[in-house]
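Structure assessment
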Amino acid sequence: MNVRAVLFDRDGTLIDFNKTWGTVLQHVLMDLSDGNQALAIELGHLVKFDFDACGCLPGSPILTNPPSGYAGPWAEHLGVPYDRVFLDRIEELLLEHAAECAAAFDDTHSCVKALAKAGLPIGLATNGTEASAIAQLKKLGLLDYFTFVVGYDSGHGEKPAPGQLFGFAEHTGIEPAHIAMVGDSLHDMHAAQNAGMLRVAVTTGALTAEELSGHCDHLLDNLTDLVRLVGLMPENEGALT
């Protein structure tokens, strides 16, 4: 397999979505509700977010979309205009807590380091904001391994459109056919297909293996399997130190 670069999704792929964003979303909903927890719980129900369990339920639009894809019901329930001011407020609240709550998967660091040591350019493409992605990678000590980080607000559009992926291909000078797009959602897989990249799905995030099957070229249980897929050996197996 001639994979010469790897582009990652963020949530559910590099970081544990609920461990990271569950706490962040609690902060956001409490702020929008002016400290009224009962109202915060109601807002959570509107988008399939379980406030008490601190996590998104299956099918929650939060799992794959930026605030514009899920915040409309909040504004309607609160009786406030659903406009750019409201969306900017949510983005500011998300960014305020994004880094402090970032939780990587157990093999995120070893995977990224193995790919980087092998000389593969690494990028990140998220439907969150670029600022939150950079803040989280910095907090996790991973930012220096990434040569390309974009969000929906970086000028390349959002997945499943292929703009972010084409941006990475142009940045690296590598043909899309030799780039692996690694993600946990159909947005990621469809974006990879639209860009002509290798579709690598992981079952650590939004969807199950059954839901991803048929939409990807490779279906993996974790990022350690990705290291093996591209012909490397994970650091914890002794090949890379």
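For the structure itself, look to the data block above.
To keep things clear, this report deals only with the structure shown in the data block. Just so you know, these numbers come straight off a predicted model, no measurement behind them.

**Some words on helix α2 (residues 37-46)**
Taken residue by residue, α2 has Ala40, Leu43 and Gly44 as its buried positions. Within α2, the buried residues cover an arc of 100 degrees as seen down the axis, which keeps them to one side. Here the buried face of α2 lies against α1 (17-32), β2 (49-50) and α3 (72-78). Where α2 begins, one side-chain oxygen reaches toward the backbone nitrogen of Ala38, 3.1 Å away; that side chain belongs to Asn36.

**What to know about the nonpolar core**
Counting residues in each nonpolar core, the largest one holds 56 residues, and the members touching the most others are Phe8, Leu32, Ile62, Trp74, Leu115, Phe146 and Leu226. It is α1 that provides the largest number of residues to this core, a total of 7 residues. The residues contacting Trp74, other than those within four sequence positions of it, are Leu25, Val28, Leu29, Leu32, Leu43, Leu46, Val47, Ile62, Phe86 and Ile90. Membership of the second largest hydrophobic core comes to 15 residues, among which are Val150, Leu165, Met181 and Met197.

**Thoughts on the side chain of Glu91**
If you trace the backbone, Glu91 turns up in helix α4 (residues 84-98). We note that Glu91 is buried and unpaired, the nearest opposite charge coming from Arg84 at a distance of 5.1 Å. Those residues in contact with Glu91 that sit more than four places away from it in its chain are Pro67, Thr129 and Tyr152.

Thresholds, definitions, all that
- Along each chain, residue indices are assigned from 1 in the same order as the chain's sequence is written.
- The model is predicted, so local features are restricted to residues of pLDDT at least 70 and side-chain atom pairs to those at 80 or more, both for listing and for counting; the totals for chains, interfaces and linings are taken over all residues.
- Excluded from the side-chain calculations are hydrogens and water; all other atoms, namely the structure's heavy atoms, are used.
- Here's how the labels work: a residue is buried when its accessible area is under 20% of the maximum for its type, exposed when over 50%, partly exposed in between, all with a 1.4 Å probe on protein chains only.
- The way it works is that DSSP assigns letters per residue, a run of H or I at least four long becomes a helix, a run of E at least two long becomes a strand, and they are numbered from the N terminus.
- This arc is taken over the directions from the axis of the helix to the C-beta atoms.
- Contacts are assigned to residue pairs that have any heavy atoms within 4.5 Å of one another.
- For this analysis, a polar contact is any N or O atom pair within 3.5 Å, provided that within protein one partner can donate a hydrogen and the other can accept it, and provided that sequence-adjacent residues contribute only side-chain to side-chain pairs.
- Among buried residues, those of type Ala, Val, Leu, Ile, Met, Phe, Trp, Tyr and Cys that are joined through side-chain atoms within 4.5 Å constitute a nonpolar core.
- Note on charges: Lys and Arg go in the positive column, Asp and Glu in the negative column, and His and the chain ends are not counted at all.
- Counted as salt bridges are all cases of a side-chain nitrogen of Lys or Arg within 4 Å of a carboxyl oxygen of Asp or Glu.

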